[in-house]
Amino acid sequence: MFKNHLISTLRFLKRNKIFTGINILGLSLALAASFIILLFVINELSYNSGFKNRKQIYRVLSYYADHNITDDETSYVLAKSIKEEFPQVRYVAPISRLRNFSIKLKEELIPLNNAVGTDSEIFQIFDIPIVGQTKNILADPNSIVLSSTQAQMFFQGEDPIGKDLIAFVNDKEEVFVVKGIFDDMPVNSNLQADCFISSKWPLEQLNLRFKDRNAETDWRLNYWETWLLLDKNADRTSIDKQFRELEKKVHGEVADNTYFIQNLTEVYLGSQEINSGQPKGSIKNIRIFSSIALLIIIIAALNYIILSTAVSTGRSKEIGIRKTHGASSQSIQKQLLNESIIMAMMVLPFALFLSWLVKPYAEELFQTKLLIIESNIIIYAVAYLALTLFIGLASGLYTSSFLSKLNVINIFKNSAQTGKSKSYVRLTLIVIQLIIFCSFVSGTLIIRSQYKYALEKDPGYRNKDILFINVEKIPHNSAAFLTSIKTYPNVISAGGATNALPMLSSWPYSIELPDDKSKKVSIELLAVDYDFVETMGIEVLEGRSFSREFGSDGETSYLLNEKAVEALGLTDPIEKKIDVEEGTVIGVVKDFNLHSFHSDIPPLLMVASDAYVMQVAVHYKPGTLGNLLPLIKTEWEKVAPDQPFNYKTIEEFKKEIYTGERNLSVIISFFALFSMLIASFGLFGLTLYMVKSQTKEIGIKKVFGSSEKSIVLSLLRENMVMVAIATVLSVPPTILVMNRWLTNFSYKVDIGWWVFALTFLLAAFVVLLNVFYHSYRASQINPIEALRYE
């Protein structure tokens, strides 16, 4: 039976080469685009799936109600308390990543960026297979467990177990003993490590940094991720109650923060609102891209239906003859449906090849590596095969139902396709395709408009001719570096701050109202040096800015923005005392966008402090950056010869912040192009068949005096009406979806009429480009030959 269906399909495809070529192109593009999206979606959804105990693995999060912030960093002592007081927790391990951890190899220091300080139970929590010692592997402070890649690097061809390694940690050399080797962590895992070492080393690092505290017992030093493995039947409600009891025990009745747990399966896609240095996915992106893939599939399926019904006259007599020989409608429908599925399966290899070709470009669009993950191979295969079968089934369902129900008498009277109803169905399907295309185009225009708005809108400080230099690695030499670059004539001014503007992170703080000490207001802090306000061009409305002429400015003098003055209820803020180390307000600055345009302007307090300078802002003369950069780099090499010189212009920095919006607009543009190509193939083929079917009608028109121009215009007019209808119908869904997307921004563009006008013009151009050729050829038909047609 299958062999007969295959032979029938091949014969039909051979007889209808144009139909075959157009459908293969359309289906290939649709499947290739869908395969790329499926690869992305499967990889995102399978994050952390490589751990067998993932449903029992949790991390502890800390919520700060005063600031409405959730953080994934906790104290080291929390893990010890959980181990002692939470009976439903089988294992607990704190994790902290070490800075500046290097291993010596032939007198060269090899930095390990993912050196993890933790306890031995981490291997039980994540079920990490180890070659070597299995119990209490990190009990010895100088134990180290290497990944297989690192083991191969440092011990080529040797057994590393029991061997010594010289490491540079906490500014000194230490000898570590290799106690075990583990397989490299899965790439789709939140836990990444080049090596594991004892928690002693990050504790020592913190104690060196905070000399007046003990990192092992201080509940305020939140620099650890705390991971748990719960019993299979653990009750999360009772665990929450135990956390409340622990908070009271440690912090008293009014706790600064509350603890709760998050399952490993939720960590990657459920952490958008959590302060974390971990990789994060976006369920919103998965929904967007899945919707795009579905729309592309719909367009391809409609394409198949449009062309299949258009060429159905070529098959109607075949179906009529089969019916007169006793074939049932069900058997014919089954055959036609099988033909559709067979065609989709024939396209599958070509679509896979096409998706492989465009994969590198798709990686740039998605801003992520679209890896073929070995553990997901079966999922990829099943998903791709299922999608191909679905598109074949969806494409052939209507066509097979329609053709199998043709009336035998009408077939032989050649009237199966004379009714207008079938033409209306095809035209409706084309309009649906155009609606999808118009929605893609108008959506792209709105996103691009918002992206451009975000880059060009005045944020309340200098928007150009500013260079940011990262000085986080040289906190003690940043003042000397700043002093040296200020001497260059092309440098107008330079100043430092904790963050570049707009800030990517936040520094929240609760402050008592001056007139009502029982109430607190949440504000944000920004530490700057004396010259940062001037360098960035932030306008001082009242009072003065920070100045070295006033000795107290570096201790207890503050600048507030207008929002902070309003939140604190200050009518005459200058010289007012506020509850931040009993400081004094010396000035009020005009509100500026501290963060990106995604968020509103918060109440802000600025304090002068060189100790917190992590970014240096340089205001330079326009057009001098090319000459200035080598000079600044020379000064950098004087103070930090071993550190990379990292810098960005403010334009580059803002583009990075809005990379998501830019990428989304490019992605939708890319798929708009796909949808246009697929729809164009269908429209091109349909126009060809429509012109052929109207050959006699065109000949009669010419006999009665119609000009070639009027014939062309009449054919074009019909298609322009479809474009106009599609554009109008695309407006409501586009406005609905894009207004929802724009809620991500506190400052946003209005959706203007020009978006839909431009969309109409573009759609009209694409349609006319497809239709004009066939319309022109039809107008050139000889009336005598046309009247002989059929």
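Attention in this report is confined to the structure presented alongside it. Source: prediction; values computed, not measured.

**Structural notes on the overall build of the protein**
Now for step 1: Regarding its fold elements, the protein presents 25 helices and 25 strands.
Now for step 2: Each of the 790 residues in the protein was classed as buried or not, and the buried ones make up 51%.
Now for step 3: Residue pairs in contact within the protein that sit at least 24 positions apart in sequence constitute 79% of those at least 6 positions apart.
Now for step 4: As presented, the protein carries roughly 38,000 Å² of accessible surface, and 56% of it is formed by carbon and sulfur atoms.

**Here's the deal with the pattern of salt bridges**
Now for step 1: Enumeration according to the criterion identifies 17 salt bridges in this entry.
Now for step 2: With a closest N to O distance of 3.7 Å, Lys83 and Glu121 form a salt bridge. Placement of the pair is Lys83 in helix α3 (residues 76–85) and Glu121 in the loop between β6 (115–118) and α4 (122–125), with a sequence separation of 38 residues.
Now for step 3: Judged by its relative accessible area of 46%, Lys83 falls in the partly exposed class.
Now for step 4: As a salt-bridge pair, Asp531 and Lys486 come within 2.5 Å of each other at their nearest N and O atoms. One end of the pair, Asp531, is in the loop between β18 (516–528) and α16 (532–536); the other, Lys486, is in the loop between α15 (478–485) and β16 (491–497), and 45 residues separate them in sequence.
Now for step 5: The class for Asp531 is buried, based on a relative accessible area of 15%.
Now for step 6: Overall, the relative accessible area of 32% leaves Lys486 in the partly exposed class.

**Remarks on the nonpolar core**
Now for step 1: If you look at the biggest cluster of nonpolar residues, it comprises 81 residues, and the most contacted ones within it are Ile37, Phe289, Ile292, Ile296, Phe366 and Ile391.
Now for step 2: Elements with a minimum of two residues in this core: α2 (17–45), α9 (283–310), α11 (329–366), α12 (377–404), α14 (420–456), α21 (659–693), α23 (708–742) and α24 (753–779).
Now for step 3: If one sorts the elements of this core by residue count, α2 sits on top with 13 residues.
Now for step 4: The contacts of Ile292, once residues within four sequence positions are left out, are Ile37, Phe440, Ile668 and Phe671.
Now for step 5: Residues Ala497, Leu501, Met503 and Phe653 belong to the second largest nonpolar core, which totals 34 residues.

**Quick notes on the packing of α3 against helix α7 (residues 236–251)**
Now for step 1: Orientation of α3 relative to α7, taken along the N-to-C sense of each, is 125°, at an axis distance of 12 Å. As summarised for this structure, α3 and α7 are arranged oblique, according to the angle between their axes. For the element pair α3 and α7, the recorded crossing hand is right-handed. Across the interface between the two elements, Leu78, Ser81, Ile82 and Glu85 of α3 pack against Gln242, Phe243, Leu246 and Lys249 of α7.
Now for step 2: Class assignment for the residues of the contact of α3 with α7 results in four nonpolar, two polar and two charged.

**As for the packing of aromatic side chains**
Now for step 1: Scanning the model with the defined rule gives 24 aromatic pairs in all.
Now for step 2: Look at Phe40 and Phe289: their rings are 5.3 Å apart centre to centre, the planes differ by 75°, and that puts the pair in the edge-to-face class. Highlighted residues: Phe40 in helix α2 and Phe289 in helix α9, separated in sequence by 249 residues. Here the two residues Phe40 and Phe289 agree in accessibility, since each one is buried.

**So, the environment of Tyr453**
Now for step 1: Considering the arrangement of structural elements, one finds Tyr453 in helix α14.
Now for step 2: A C-alpha to C-alpha distance of 9.0 Å links Tyr453 and Tyr747, two positions 294 residues apart in sequence.
Now for step 3: Excluding residues within four positions of it along the chain, Tyr453 makes contact with Phe597, Tyr747, Lys748 and Val749.

**Some points on the side chain of His619**
Now for step 1: Its location among the elements puts His619 in strand β24 (residues 615–620).
Now for step 2: For His619, the residues in contact, after removing those within four places along its chain, are Arg462, Asp465, Ile466, Asn490, Val491, Ile492, Ser493 and Thr535.

**Description of the packing of α15 against helix α19 (residues 625–639)**
Now for step 1: Relative orientation of the contacting elements α15 and α19 amounts to 150°, with a least axis distance of 10 Å. In terms of orientation, α15 lies roughly antiparallel with respect to α19. The two elements α15 and α19 cross, and the hand of that crossing is right-handed. In this structure, α15 uses Phe481, Ser484 and Ile485 to contact α19, whose residues at the interface are Ile632, Glu635, Trp636 and Val639.

**Observations concerning a nonpolar patch on the surface**
Now for step 1: A surface patch of nonpolar side chains, amounting to about 510 Å² of accessible area, comprises Ile24, Phe350, Phe353, Trp356 and Leu357.
Now for step 2: Considering the arrangement of structural elements, one finds Phe350 in helix α11.

**Examining α11**
Now for step 1: Taking 1.5 Å as the rise per residue, α11 with 38 residues should run 56 Å; its terminal C-alpha atoms sit only 47 Å apart, a clear shortfall.
Now for step 2: At Lys359, α11 is deflected by roughly 50°, the largest bend along its length, and proline Pro360 occurs up to four residues later in sequence.
Now for step 3: Looking at the residues trailing α11, positive phi occurs at Gln367, about 55°.

**Some thoughts on the pairing of strand β8 (residues 143–147)**
Now for step 1: Burial analysis of β8 places five of its five residues in the buried class, the great majority of the element.
Now for step 2: One ladder, built from three bridges, connects β8 with strand β11 (residues 195–198); its direction is antiparallel. Across the sheet, the residue bridging to Leu146 is Cys195, located in β11.

**Quick look at unusual backbone geometry**
Now for step 1: The linkage connecting Leu501 with the following residue, Pro502, adopts the cis geometry, with an omega of -5°.
Now for step 2: By secondary structure assignment, the location of Pro502 is in the loop between β16 and β17 (508–513).
Now for step 3: Here the phi dihedral of Asn48 falls at roughly 65°; this positive angle occurs in a residue that is not glycine.
Now for step 4: With respect to the helices and strands, Asn48 occurs in the loop between α2 and β1 (57–64).

**Points about the pairing of strand β20 (residues 557–561)**
Side chains on a regular strand alternate between the two faces of the sheet.
Now for step 1: Most of β20 sits out of view: five of its five residues are buried.
Now for step 2: Residues Ser557, Leu559 and Asn561 line one face of β20 and the alternating positions Tyr558 and Leu560 line the opposite face, and both faces are buried.
Now for step 3: Two strands pair when backbone bridges link them, and β20 and strand β22 (residues 583–589) are joined in this way by five bridges, in the parallel orientation. By the bridge assignment for β22, Leu559 is matched with Gly587.

**Some words on a negative patch on the surface**
Now for step 1: A contiguous patch of negative charge on the surface is contributed by Glu539, Glu542, Glu562 and Asp572.
Now for step 2: Residue position: Glu539 is located in the loop between α16 and β19 (540–543).
Now for step 3: Judged by relative accessible area, which is 43%, Glu539 ranks as partly exposed.

**Re the side chain of Asp529**
Now for step 1: With respect to the element layout, Asp529 can be found in the loop between β18 and α16.
Now for step 2: For the buried residue Asp529, which engages in no salt bridge, the nearest side chain bearing the opposite charge is Arg548, 5.2 Å off.
Now for step 3: There is a polar contact of 2.8 Å between the side chain of Asp529 and the backbone nitrogen of Gly496.
Now for step 4: Engagement of the side chain of Asp529 in a polar contact is seen with the backbone nitrogen of Phe532, the distance being 3.0 Å.

Parameters and conventions
Residues numbered from 1 in each chain as written. Predicted model: local features only at pLDDT ≥ 70, side-chain atom pairs only at ≥ 80, totals over all residues. Heavy atoms only, no water. Helix = DSSP H or I, 4+ residues; strand = E, 2+ residues; numbered from the N terminus. Buried < 20%, exposed > 50% of the residue type's maximum accessible area, 1.4 Å probe, protein only. Contact = heavy atoms within 4.5 Å. Areas by Shrake-Rupley, 256 points an atom, 1.4 Å probe, with all protein chains shown as cover. Salt bridge = Lys/Arg side-chain N within 4 Å of Asp/Glu carboxyl O. Core = buried A, V, L, I, M, F, W, Y, C linked by side-chain atoms within 4.5 Å. Axes fitted to C-alpha atoms, helices over the stretch in contact; angles between N-to-C directions. Parallel < 35°, antiparallel > 145°, perpendicular 65-115°, else oblique. Left-handed = near helix turned anticlockwise from the far one by under 90°. Nonpolar A, V, L, I, M, F, W, Y, C, P; charged D, E, K, R; others polar. Phe/Tyr/Trp six-rings, centres within 6.5 Å; stacked < 30°, edge-to-face > 60°. Patch = residues over 30% accessible without salt bridge, like charges linked within 9 Å, V, L, I, M, F, W, Y side chains within 5 Å. Expected span 1.5 Å × (residues − 1). Bend = angle between axes of the 7 residues up to and from the residue. Pairing = 2+ DSSP bridges. Lys, Arg positive; Asp, Glu negative; His and termini not counted. Charge placed at Lys NZ, Arg CZ, Asp CG, Glu CD. Polar contact = N/O pair within 3.5 Å; in protein donor to acceptor, adjacent residues only side chain to side chain.

The quantities given are spatial measurements derived from coordinates; they are silent on function.
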